[in-house]
Each structure stands twice: as structure tokens, then as C-alpha cells.
Amino acid sequence: MKQTIQILKDNVINQIAAGEVIQRPSSIIKELLENSIDAQANNIHIIIKKSGKGLIQIIDNGIGMNIQDAKVCFIKHATSKIESTDDITKISTMGFRGEALASIASVAEVELKTKTQDEEIGTLICIDNSKINKITQTACKRGTSIIVKNLFFNIPARKNFLKSDKIELKHIIETFIQIALSHHHINFQFTNDGKQLYNLSTENFKNRIIQLFGRRYKQKILQIKEQTTIVAIDGFLGNPLDAKKTRGEQYLFVNNRFIRSPYLNHAIKESMADLIQTDQHPSYFIFLNIDHQYIDVNVHPNKTEVKFEDEKSIYQILKSACKRTIGMSNIKPSLDFSIEKSFEVPIHIQNNPPKEPKINVNSDFNPFRKKFARDKENTQNIQKLFKEENTSDIYEVFNIDNRYALFKINHDNIINLIDKKKAIERIIYDQTIQSLNNQEINSQLTINPTTVELNAIDMQIIKENNTTIENLGYKIESIEKENIIISAIPFYLNQDGTQEFIELIIESIKKSNTITDNQITKEIAKKITYQKTTHEKYPNNKDLLIRLINKLMKCEIPFIGIDGKPSVISVEPNKIFN
Ligand code: ADP
Ligand code: MG
């Protein structure tokens, strides 16, 4: 074949750029919102249909564009935000690459209406396949309205790649929240298919969090504030005791731009390592302010990554700031009761209580102890007692209902309340961890092989870690382009959950620069436990219950369920009634 080099046409160039910038409706919304923010709007309407697949319209009351600017704004590298390379080092606007509108116009139909303060009449421009096919004057208010329709009409492969309306809407809402949080002074209205999703009036940051996530955040979040020469930190930290299993509200902004940073996320998580379980995720809403010259935001086309000149120091400062916030807020495990002082809930039996600053948590706390502050002796005796399988000292077992029971130990005056479900889970979990560590997990062949669909990155991870996966009891029969075929699964699991499970393993591996194999094992053990115990019956018979309590006592962390919540709570009547 004869090789001839050609210079690509503009619309082809734009489409290539669009591949990076515009992946789905949420990317368009991100870019358009950023433009409205850069245009100093304080009122922004988002109107979408069919989760953005039908239509996306953003209306702002910003500075607008005059007719000349409106004509050129869709050209690649057309930007009013930077002029020279020098400017790249001190970017204070959300956009600067001048490629969003060009990209959008290359993959969708666009209608732009805009007017500046000084103009009498506004401009209407319609763009089709990167070309202006209509331009007229129009009456409109100051500001800009952009309608994007027929997304990916000219790239069917991309269009087919879009997910269900529900999933696309989820992406959009996530993008919206990132922007609404960092621009809390802006009013936002947001409707999908005529239904109002958000109507946010200008607010301070804390109230914006409450607007977005609900009133329960009012008490729950702890303020964080730190000023150093390298970085200023401002925002809120979720109470570590409310940390969740799912990676939820984790918002980190650098100079008002939402960014993803597994490294800094780790700093925050580390600051509360003694208060949360390894598989729990703290929530946070944190702004870092760093002098523009020390960061580079021009690392990724959709600008969600930032390079820091001194990432290590920022890590340390962020970690200590979070520790200080937690330390100062006197977090102490307790139930949400008016008589909460009488209830002590163990939260974490940890070997290394935090040192600096001191966090007010008694890491040795044990509900079987008579008094919270009592010496360790009693605890150890009780634990030893159960290690020796001596059951005679558990007595007065009393079922409350199928799931809960009361019991006493020794002849002290403490009543213990046990959650049988959590106890069973803890016991099975400990057994599973042991089997996994001894590589005792057997495989079962499945009748039909299971196909697991993965994207290219995840596929690569599987290829590089196939022994880890096979050690868990999976048998990978073959690896195809986007699928892996699995012919055997771990004995304990059922076939339905294979896709989810493999994704879980991949997620654990991805985190593995901070997470050890041990933690992957824990994640897996937990999954297995939940699968094994869903149909488990709770013992009601006295002997069985005593056996259950004994077994629980032999677990490594008996008083906490594997979900991080207590499995046993002790109550001292004389503390409540005196
Ligand atoms: P960038 O934001 O990187 O400059 P875009 O392609 O997103 O590039 O936008 C190109 C230019 O169009 C912007 O620099 C700005 O001057 C103008 N523009 C885009 N959207 C708006 C808007 N909502 N209001 C006013 N001007 C806008
Ligand atoms: Mg832009």
C-alpha cells in the first residue's frame, strides 16, 4: 500500500479530540457548566431529556458572547481564557484548552443563543457537523443558552456505547454534584424529562452539602481548616464512625476544581485508620488551595487530574489536618440514645491507637468489662474463659425475638445484648479467612461456563493477576477480547455473583499499592460470608445460643460485626438508673 501523509480535516481533528473530552452526556454537562461558571453566571438552568441522550440545554446569566465570539467559539483552540504559554501556569478558570465546544459541535447538533450586556440584540447560531448552518439575530436576555441534541449521531459506535438512561443520569448527577458543591454561591435548577431534580439557591458550603445530601449531614460533619505555606485546607470531614462500605461522598477540590486522587484519598483514610474498618470509606468535602505555580491542571483532557509539585508534603499536611479535626471533635463510640453514656459500644479493637494528635477512643474497650475504665485483667479472664470452652458461665439466655437475645456472664450485673445475625457473620467470616489463608478454598466446576465482561484496563489487570484469582478458587478457561470465561468458581459462592465478584477483586487489586493481599482476602471473605449466611437460621434454643456466644468469643474481634457495627452491646443497669 502506498503511504501518503495527509493533514486531517478540522472536523476529523475535532472528533478525535471529542473522543477524549466527550465520552457521554455527563461530559457535555461538565464542559457547559464550566463555561457558564467561567462566564461568571450566578444562575444556571440545566434542562435535559432522556438523561441527556435526548437533549441537553444549559442556560446561564453570564457575560455572554458578542456575535464575533459566538461565530468562533466552536473552532478548536478558540478560547478567551489564555493567550500565552505563560498563562498555562496560572490558570484560574475552569476551562482553558478551547476544545470543549469544538468537540461537542463535532459529535452533536448544537444551538447557541447568546447576548452580552452591551448588545441590544443577541445571536442565534445553529451548528451541524461542525459547520454553522444558521446564524441570525435573536431577542434574548444577557447570558448564554446552549442546546445539544442528537449526541453521537455521526458516531454510531459511541452512541451504542452509551448506557441505560438510569446509568447516564447517575453520571450526570455525579458531575452536577461535583460542580454544585464547589460553586455553592451559584443558583442551580436542574430538570430531567420535565421533572425537577434539584433547585439549589445560593448557600454557604455547609448548607450546600445539606442541600445535596440531606439534613442528616448537619450534625455529622466536622470542620477542617488548616493554613500552611504550601496549601490551605478547608472543608468538612464526615464523622469516621459513619464511614460507609460504598465509596460515597468523597469530594476533593483543588483550587475549586473537582479532582480524583487515590493518593490524597489515602491520606484522609489513613488519618482515621484507627476508627474505620479497612473496607469502609470516609466521606469528605475538602478544598485544597494551592498556588497555581505549584500545580499543573493540564494533565488530562477532562481536567480531573492534577499534578502537584510537592505531593508528599500535601499528603502529610492533609493527613495531619484530618487527624487534628478528628482529635478535636472528641469522637467517641456511643449509641444514639438519650442515655447514651450508659451504653458503650466498642468500635475497633486495634493494636495501634493513634498517637498524634490523641484521639479520644479507648481502643481496648470491651463490653464485657464491668467499667469502661477498669483494668485489663477482667477482660482477659473472660476471654480466656471462653477460649477454654467453658460454657458454664454464660447464663440467663433470653431470646428477645428471632434475631436478638440477652445473656449474662458470670454473676456480675451486666446484661449483654447480642445480634445473632452479626454474631454468625463474624464467626463464618473468621472461619473463611482461615480457609483462605490456608488456601483451603475448593473450586466447583460450573455446568455452563460464566462469561465476565470487562473493559480493556480491567482485562489487563486480570491478565497480570491471574494467579491471585485462581488461588481464590476461580478457574479461568480462556481470555477473549472483552470477556473472560470462567469454568470453576470458589466452592462457597454461587455462579450468579461471578461478574460482581471479579469486579470486586479487580477493584481491590487496583487499590493494591495501598492495600495488601491481606485486605483483598478480607474483602473476599466478607463477600463469601454474606453469601453463605443469607439463609442462615438464628438459633433460639438455649444450648445452641450458648454455643454461638462461645464461638463468637473465640473470634478475633468478637464485639464488632463485619459491617463495623456492634454485634454485642453491654448494658449496666446501675449506670443507667443512678
Ligand atoms: P475553553 O472553556 O477551554 O476556553 P470552550 O470550547 O469550552 O473552551 O469555549 C470556548 C470559548 O467560548 C470560551 O473561552 C468562552 O470565551 C466562550 N464561551 C463558551 N461558553 C460560554 C458561555 N456560557 N458564556 C460566555 N462565553 C462562553
Ligand atoms: Mg470550556
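Right above here is the structure, for reference.
Per chain, the residues get numbers from 1 upward, laid out in the order the sequence is written. Chain labels run from A onward and ligand labels from 1 onward, assigned in the order the entries are written. Residues qualify for local features only when their pLDDT is at least 70, as the model is predicted, and side-chain atom pairs are given and counted only at 80 or more; totals for whole chains, interfaces and linings, by contrast, use all residues. With hydrogens and water set aside, each side-chain value is computed from the structure's full complement of heavy atoms.

**Examining the packing of aromatic side chains**
- Note on aromatic contacts: the rings of Phe and Tyr and the six-membered ring of Trp form a pair at centre separations within 6.5 Å, being stacked when their planes are under 30 degrees apart, edge-to-face when over 60 apart, and tilted otherwise. All told, the structure shown has 16 aromatic pairs when counted by the stated rule.
- Measuring from centroid to centroid gives 4.7 Å for Phe-205 and Phe-287, while their planes differ by 65°, and the two rings are edge-to-face. Residue Phe-205 is found in helix α8 (residues 205–213), and its partner Phe-287 is found in strand β13 (residues 284–289); the two are separated by 82 residues along the sequence.
- Classification of Phe-287 by relative accessible area gives buried; the value is 11%.
- A network of ring pairs unites the aromatic residues Phe-205, Phe-213, Tyr-217, Phe-236, Tyr-251, Phe-253, Phe-258, Phe-285 and Phe-287 as a single cluster.
- Across the ring face of Phe-161, the terminal group of Lys-163 is positioned such that the distance to the ring centre comes to 5.7 Å. Put simply, DSSP marks the helices as runs of H or I at least four residues long and the strands as runs of E at least two long, and each gets a number from the N terminus on. Relative accessibility thresholds used throughout: buried, under 20% of the residue-type maximum; exposed, over 50%; partly exposed, between the two (1.4 Å probe, protein chains only). For a ring to carry a charge above it, either NZ of a lysine or CZ of an arginine must fall within 6 Å of the ring centroid while also lying within 35 degrees of the normal to the ring plane.

**Some points on the sheet that holds strand β9 (residues 221–227)**
- Two strands make a pair as long as DSSP finds a minimum of two bridges between them. Taken together, five strands build an open sheet; the order of strands is β9-β10-β13-β11-β12 and the sheet is mixed. Of all the strands in the sheet, just β9 and β12 (257–259) have a single pairing partner and so form its edges. Here the strands of the sheet are splayed against their neighbours by 20° on average, with no regard to which way each runs.
- Examined bridge by bridge, β9 and strand β10 (residues 232–238) share seven bridges and lie antiparallel to one another. Paired with Glu-226 across the strands is Ile-233, a residue of β10.
- Where helix α10 (residues 262–271) meets the sheet, its contacts fall on β10, β11 (250–254) and β13, and the angle it forms with β13 comes to roughly 120°.
- Contacts are residue-level and defined by heavy atoms, with any inter-residue pair within 4.5 Å sufficient. To get an axis, a line is fitted to the C-alpha atoms, and for a helix only the part in contact is used. The angle between two axes follows their N-to-C directions and goes from 0 to 180 degrees. Contacting β9, β10 and β13, helix α11 (residues 311–328) crosses the sheet at an angle of about 135° to β9.

**A word on the site of ligand 1**
- Consider each residue's heavy atoms; a residue with any of them within 4 Å of a molecule or strand counts as near. Lining the immediate environment of ligand 1, one finds 19 residues, of which Asn-35, Thr-79, Ser-80, Lys-81 and Gly-98 sit closest.
- Between ligand 1 and the protein, one listed contact pairs an oxygen atom with a side-chain N or O atom of Ser-80 at 2.5 Å.
- When the free accessible area of ligand 1 is taken as 530 Å², the share hidden by the protein chains comes to 93%.
- Broken down by secondary-structure element, the contributors of at least two residues to the shell around ligand 1 are α2 (25–38) and α5 (100–107).
- Each residue gets one label: Ala, Val, Leu, Ile, Met, Phe, Trp, Tyr, Cys and Pro are nonpolar, Asp, Glu, Lys and Arg are charged, and the others, such as Gly, are polar. Its residues placed into classes, the shell around ligand 1 shows seven nonpolar, eight polar and four charged. Counting of polar contacts relies on pairs of N or O atoms within 3.5 Å, with two restrictions inside protein: one atom must be capable of donating a hydrogen and the other of accepting it, and residues adjacent in sequence are counted only when both atoms are side-chain atoms. We get accessible surface area from the Shrake-Rupley algorithm with a probe of 1.4 Å; when it comes to residues, only the shown protein chains can shield them.

**Overview of the packing of α2 against α5**
- Between α2 and α5, the shortest axis-to-axis distance is 10 Å and the interhelical angle comes to 140°. By the angle between their axes, α2 is oblique relative to α5. The two elements α2 and α5 meet at a crossing, and its hand is left-handed. Listed contacts from α5 to Ile-28, Glu-31, Leu-32 and Asn-35 of α2 are Ala-100, Leu-101 and Ile-104.
- Partitioning the contact of α2 with α5 into residue classes produces five nonpolar, one polar and one charged. Any angle that falls under 35 degrees is termed roughly parallel, while one over 145 is termed roughly antiparallel, one within 65 to 115 roughly perpendicular, and all others oblique. In a left-handed crossing the near helix is turned counterclockwise from the far helix by less than a right angle, and in a right-handed crossing that turn is clockwise.

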